[in-house]
Amino acid sequence: MWIPIKRWSEENKIGPVQKLSSGSVPTFALKSANGLLIFRAYDLVAYWNGMELHLGFAPQIVNGEPMLHSLDIAKNIQPLLHPLTLPEKPNRIIVIDPGHGGSNLGTKSVLDGSYEKVFTLDWAKRLAPILETNGWKVFLTRTSDEDISLSNRVAFADSCKADLFISLHFNATASPSDHDESGIETFCLTPTGMPSTLTREYDDDVTLVYPNNRFDTENLQYAVRVQRSLLKIAGAHDHGVRRARFMGVLRGQNRPAILVEGGYLSNPREARRIADPAYRQKLAEAVAAALVETPKVQNPPPPVQTQAPSTNGATNP
Ligand SMILES: [Zn+2]
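As the structure is a prediction and not an experimental result, all values here were calculated from the model.

1. Some remarks on the overall build of the chain
Piece 1. Within the chain, the regular secondary structure consists of eight helices and 14 strands.
Piece 2. Taking 317 residues into account, the globule formula puts the C-alpha radius of gyration at 20 Å, and the chain, at 19 Å, falls close to it.
Piece 3. Overall, the chain is about 60 × 50 × 45 Å in size when its C-alpha atoms are taken along their principal axes.
Piece 4. Counting only contacts in the chain whose residues sit at least 6 apart along the sequence, the fraction spanning at least 24 positions is 71%.
Piece 5. Of the roughly 13900 Å² of accessible surface on the chain, a fraction of 53% belongs to carbon and sulfur atoms.

2. Side note on the layout of surface pockets
Piece 1. Volume-wise, the second largest pocket comes out at about 660 Å³.
Piece 2. Lining of the second largest pocket is provided by 31 residues; of these, H100, R200, F246, M247 and E261 occupy positions nearest its centre.
Piece 3. At the level of elements, helix 4 (150-159), strand 11 (164-171), strand 12 (184-189), strand 13 (238-244), helix 6 (248-251) and strand 14 (257-264) are the ones that each hand at least two residues to the lining of the second largest pocket.
Piece 4. Here the lining of the second largest pocket gets four residues from one element, more than from any other, and that element is strand 11.
Piece 5. Residues that form the lining of the second largest pocket fall into these classes: twelve nonpolar, eleven polar and eight charged.

3. Section: a nonpolar patch on the surface
Piece 1. There is a patch of nonpolar side chains on the surface, built from L105, Y115 and V118 and spanning about 220 Å² of accessible area.
Piece 2. Position of V118 among the secondary structure elements: in helix 3 (residues 116-132).

4. So, the packing of helix 3 against helix 8 (residues 277-292)
Piece 1. It is at 8 Å that the axes of helix 3 and helix 8 come closest, and there the two elements cross at 45°. As far as their axial angle goes, helix 8 and helix 3 are oblique. Like other packed secondary-structure pairs, helix 3 and helix 8 cross with a definite hand, here right-handed. Facing F119, D122, W123, R126, L127, I130 and L131 of helix 3, the residues of helix 8 in contact are P277, R280, Q281, L283, A284, E285, V287, A288, L291 and V292.

5. A few points about the coordination of the zinc ion
Piece 1. Only H100 (NE2), E116 (OE) and H169 (ND1) from the protein coordinate the zinc ion, and they sit 2.0 to 2.1 Å from it.
Piece 2. Going along the chain, you hit the donors of the zinc ion in the pattern H-x15-E-x52-H. Placement of the pair is E116 in helix 3 and H169 in strand 11, with a sequence separation of 53 residues.
Piece 3. Residue class for E116 comes out buried when judged on its relative accessible area of 2%.

6. Structural notes on the pattern of salt bridges
Piece 1. Scanning all chains against the criterion turns up ten salt bridges.
Piece 2. A salt bridge links R7 to E11; its shortest N-O distance comes to 3.5 Å. With R7 and E11 both in helix 1 (residues 5-11) and four residues apart, this pair spans about one turn of that helix.
Piece 3. Exposure remark for E11: the relative accessible area of 54% places this residue in the exposed category.
Piece 4. Of the charged contacts in the structure, one is a salt bridge between E185 and R242, with a shortest N-O distance of 4.0 Å. In this pair, E185 is assigned in strand 12 and R242 in strand 13, connecting sequence segments 57 residues apart. We note that E185, like R242, is buried.

Reading guide: rules and limits
Just so you know, the residues in each chain are numbered from 1, in the order the chain's sequence is written. Predicted model: local features are reported for residues with pLDDT of at least 70 only, side-chain atom pairs are reported and counted for 80 or more only, and whole-chain, interface and lining totals are derived from all residues. Side-chain figures throughout are based on the complete set of non-hydrogen atoms in the structure, without hydrogens or water. Secondary structure elements are taken from DSSP: a helix is a run of H or I of four residues or more, a strand is a run of E of two residues or more, and numbering for both begins at the N terminus. In this description the radius of gyration comes from C-alpha coordinates, and the expected globular size is given by 2.2 Å times residues to the power 0.38. Two residues qualify as a contact provided that any one of their heavy atoms is within 4.5 Å of a heavy atom in the partner residue. Each accessible area value is a Shrake-Rupley result obtained with a 1.4 Å probe; residue values ignore everything except the protein chains displayed when judging cover. Lining residues are defined by having an atom within 4 Å of a point belonging to a cavity or pocket. Those points lie on a 1 Å grid over the protein atoms alone, cavities being sets where a 1.4 Å probe fits but cannot get out and pockets being open sets with protein on both sides within 12 Å along at least five of seven lines. Grid points are joined across faces, edges and corners, and a volume is the space filled by probe spheres set on the points. The classification used treats Ala, Val, Leu, Ile, Met, Phe, Trp, Tyr, Cys and Pro as nonpolar, Asp, Glu, Lys and Arg as charged, and all other residues, Gly among them, as polar. What goes into a patch is any residue over 30% in relative accessible area without a salt bridge, connected to like charges within 9 Å or, for nonpolar side chains (Val, Leu, Ile, Met, Phe, Trp, Tyr), within 5 Å. The term salt bridge refers to a pairing of a side-chain nitrogen on Lys or Arg with a carboxyl oxygen on Asp or Glu at a separation within 4 Å. All axes here are fitted lines through C-alpha atoms, helices being fitted over the stretch that makes contact, and every angle between N-to-C directions spans 0 to 180 degrees. With respect to orientation, any angle under 35 degrees is reported as roughly parallel, any angle over 145 as roughly antiparallel, any angle of 65 to 115 as roughly perpendicular, and every other angle as oblique. In a left-handed crossing the near helix is turned counterclockwise from the far helix by less than a right angle, and in a right-handed crossing that turn is clockwise. Keep in mind that water is not among the atoms, so a site may look incomplete; donors are the N, O and S atoms within 2.8 Å of the metal, or 3.2 Å for Na, K and Ca. The classification of residues rests on relative accessible area computed with a 1.4 Å probe and restricted to protein chains. Under 20% of the type maximum is buried, over 50% is exposed, and intermediate values are partly exposed.

Printed below as a string of structure tokens:
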């Protein structure tokens, strides 16, 4: 179902929708108290506070009016209009999942063939102590070089009674000769009814309902928060917050769950950064920063993107 976004925004007192440019691809801005959404007609990529947000359905123009799909409004936009509430109990529990392990090598560095499984474990081990000193009880799905099935990783989070699950990965292009692709992306499970951003070779049956779909709102809120922090602190290129349905480590989760791809090992420049322990420490600090601040409602809320003070010149495009 398509919703005229101007009317919806007025009725719900979200804020004004402005046309930024006309022509063949009209561009619009929705200003809310919590952030700025930029979207273009016929384009799946929107921007939330300057960060890539992949919609399920490309916005349409009907009788000159911009229309967004009701599922995008419910699952991609409404969650962002409210700040995330981190678990407030004294012992909030997180399971960190270093991707791959053992004979499951993951991708490998174009520089020297180093495996993803080594980098993900290192990232997790750097992240754990920072979270532990900030009120999280932390469990790792693996602490050594061992292969654990995806279903066991999910079962482990159940046995820990985790409040949050975060899986750490590094990316590579499908074609080994493609070295250009770069950037950090954060995934969460696709809401029922919505096409995924990434399907790989899998069927993307939009009718399926997974346990983790109960957490659609928190999933996106965590994903956006972690992605923004990674861009700000690690200064990486934005590859967007994306949706996938095939990730077995996410869809069976009975708690909010996200999967972070911390850069492309197939890109020489990015592989060099990932090989540097100081950079991996930054990646860890970035994820932690997203999970420790209690968001304060500012008064009055900023009408547009806030430029957080940057200490290292990192950009948040
Ligand atoms: Zn991986």
